[in-house]
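As a plain string of letters, each chain reads:
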Amino acid sequence: ARDRLSADLWRVVADLGSHADRPPAHTPGERLDRLNRVVVLLAALGGLATEGMTRGEGFRFLNLGRNVERVLASAH
């Protein structure tokens, strides 16, 4: 799969993997910092995956799901 991913996307995936290999954080501040970094990396991963996706049926289906989730969240 490595040859199918862009260098930027692969860098984000590798960085997420490095977070999984770290020992557990001891203080709440460390935990919050790590969690924040993982959330930012996941947002970057989602953005890069969407950016590199061809605009075919799969993209439309994924976009439809996002829109449905947004509408449900707004309705609640």
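Here is what the cut-offs are and how they apply
- Residues numbered from 1 in each chain as written.
- Predicted model: local features only at pLDDT ≥ 70, side-chain atom pairs only at ≥ 80, totals over all residues.
- Heavy atoms only, no water.
- Helix = DSSP H or I, 4+ residues; strand = E, 2+ residues; numbered from the N terminus.
- Buried < 20%, exposed > 50% of the residue type's maximum accessible area, 1.4 Å probe, protein only.
- Contact = heavy atoms within 4.5 Å.
- Axes fitted to C-alpha atoms, helices over the stretch in contact; angles between N-to-C directions.
- Parallel < 35°, antiparallel > 145°, perpendicular 65-115°, else oblique.
- Left-handed = near helix turned anticlockwise from the far one by under 90°.
- Salt bridge = Lys/Arg side-chain N within 4 Å of Asp/Glu carboxyl O.

1. Some remarks on the side chain of His19
Among the structural elements, His19 can be located in helix α1 (residues 7-21). Classification of His19 as buried rests on a relative accessible area of 14%. Beyond its immediate sequence surroundings of up to four residues, His19 is in contact with Arg37, Val38 and Leu41.

2. Here's the deal with the packing of α1 against helix α2 (residues 28-52)
Where α1 meets α2, the closest approach of the two axes is 10 Å, and the angle between their N-to-C directions is 155°. On the basis of their axis angle, the class for α1 and α2 is roughly antiparallel. Read as a crossing pair, α1 and α2 show a hand that is left-handed. In this structure, α1 contributes Asp8, Leu9, Val12, Val13, Asp15, Leu16 and His19 to the contact, and α2 contributes Arg37, Val38, Leu41, Leu42, Ala44, Leu45, Leu48 and Ala49.

3. Re the pattern of salt bridges
Taken as a whole, this structure holds 2 salt bridges when the rule is applied. Arg37 is the salt-bridge partner of Asp15, the closest N and O atoms lying 2.8 Å from each other. Placement of the pair is Asp15 in helix α1 and Arg37 in helix α2, with a sequence separation of 22 residues.

Function-wise, these values are silent; they only describe arrangement.
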